[in-house]
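Structure assessment
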Amino acid sequence: MTRDIIEINDFTILVETANSDKTIQDSCFFDEPVIAVAFYGSGNVDLEFEYPTMSKFYNYTKGLALSFYSDEKVLCKHTVSKDCPLECIVIATATRNLHKLPNQEGELFSELLEQLVNPKDHYVEGPSFYMTPEMLKIVNGIFNMKYEGKARMMFFRSQITALLSHFFGQLALHKTKHFKTHDRSRLEEVKQVLANNLDNPPSLSELSKIIGLNATKLKKEFKEVFGVPVFKYLQNERLTTAHDMIINKSATVQEAAWHVGYDSLSSFSNAFANKFGYRPSQIK
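If you're wondering where the values come from, they're calculated on a predicted model, not measured in any experiment.

1. What about the overall build of the chain?
- For the chain, the helix and strand inventory stands at 10 helices and 10 strands.
- For 284 residues, the compact-globule estimate of 2.2 N^0.38 gives 19 Å, and the C-alpha radius of gyration of the chain, at 19 Å, lies within 12% of that figure.
- Along the first, second and third principal axes, the C-alpha atoms of the chain reach 55 × 45 × 40 Å.
- Each of the 284 residues in the chain was classed as buried or not, and the buried ones make up 49%.
- Long-range contacts, defined as pairs at least 24 residues apart, comprise 71% of the intrachain contacts of the chain with a sequence gap of at least 6.
- Carbon and sulfur atoms make up 50% of the accessible area of the chain, which totals about 14400 Å².

Here it is, written out as structure tokens:
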């Protein structure tokens, strides 16, 4: 388990990672009321917020951007296991600092996270969504950063600013789009089906039958909600999964390519390089 705590202006940044061969639970809490946004990387841990009035549970966190208000009585618990490592970035600011945030960031919090600025419980859930490819690239870059010293801080500062900008930009877009809860849950099901079948994914027509949504509506609404076409999302999932397998040394490059459905090693290497900026053979 590693936890880096970085102070940038009036934001506290927590960068947490954990791997375990057996199921373990990691807990933490804030020592004063905060408004925070958590970004979950390629791991898929269970998450629970436990507080005096009740508990809030999340069981599919991979790629999730989650905003929330928390006071000192809230305990945050991550359940980490062999197949579900933790990769989490939390950007938090104390509520007393909202009026001091630079570049009109305080106004953005008040406009787009009003229920968190004026909380009615120890824990309040704000807007959440699954990150766009641009956001995932930033998150992956932070977890794979090799810089040290002043260069490390400069990198962190720029990437955290970019991540928050994307988050608030997506919130503004989501406010103008309204989807029925039932349709939204079916779109989430599409992601789950694809994630479970990376090596042999269903066709668009098969996906439509599985979730009961016609293909045209599925393509249109999936892109509107998640910011990327269905099979671009599939490619991102394949490459991210393969990247994790290679960097964690759980598979060779060839094995990782096969695992995520690539028959051609050259096609896999080219797609990998386009996404990450380097070839899988360059990972040490």
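2. Concerning the nonpolar core
- Judged by nonpolar contacts, the single largest core of 57 residues is most densely connected at Phe 49 and Phe 268.
- No other element matches helix H8 (residues 230-247), which puts 7 residues into this core.
- Formed by 36 residues, the second largest nonpolar core is a distinct cluster that contains Leu 113, Met 135, Ile 142 and Phe 143.

3. Considering helix H6 (residues 204-211)
- Residues Leu 204, Leu 207, Ser 208 and Ile 211 constitute the buried set of H6. Summarising the axial view, the buried residues of H6 lie within an arc of 105 degrees, below the 170-degree limit, and thus occupy one face.

4. Considerations on the environment of Thr 12
- Assignment of secondary structure puts Thr 12 in strand S2 (residues 11-18).
- Considering only alpha carbons, one finds Thr 12 and Phe 129, 117 residues apart in sequence, at a separation of 22 Å.
- Those residues in contact with Thr 12 that sit more than four places away from it in its chain are Ile 5, Ile 6, Glu 7, Val 90, Ile 91 and Ala 92.
- At a separation of 3.0 Å, a polar atom in the side chain of Thr 12 contacts the side chain of Glu 7.

5. Let's talk about the packing of H8 against helix H10 (residues 265-276)
- Two elements in contact, H8 and H10, have axes separated by 10 Å at closest approach and are oriented at 95 degrees. What the angle tells us is that H8 and H10 run roughly perpendicular. On the side of H8, the interface is formed by Gln 235, Asn 236, Leu 239, Thr 240, Ala 242, His 243 and Ile 246, while H10 contributes Phe 268, Ala 271, Phe 272, Lys 275 and Phe 276.
- Residues belonging to the contact of H8 with H10 are distributed by class as follows: 7 nonpolar, 4 polar and 1 charged.

Procedures and definitions
- Residues numbered from 1 in each chain as written.
- Predicted model: local features only at pLDDT ≥ 70, side-chain atom pairs only at ≥ 80, totals over all residues.
- Heavy atoms only, no water.
- Helix = DSSP H or I, 4+ residues; strand = E, 2+ residues; numbered from the N terminus.
- Rg over C-alpha atoms; globule rule 2.2 N^0.38 Å.
- Buried < 20%, exposed > 50% of the residue type's maximum accessible area, 1.4 Å probe, protein only.
- Contact = heavy atoms within 4.5 Å.
- Areas by Shrake-Rupley, 256 points an atom, 1.4 Å probe, with all protein chains shown as cover.
- Core = buried A, V, L, I, M, F, W, Y, C linked by side-chain atoms within 4.5 Å.
- Arc of directions from axis to C-beta.
- Polar contact = N/O pair within 3.5 Å; in protein donor to acceptor, adjacent residues only side chain to side chain.
- Axes fitted to C-alpha atoms, helices over the stretch in contact; angles between N-to-C directions.
- Parallel < 35°, antiparallel > 145°, perpendicular 65-115°, else oblique.
- Nonpolar A, V, L, I, M, F, W, Y, C, P; charged D, E, K, R; others polar.

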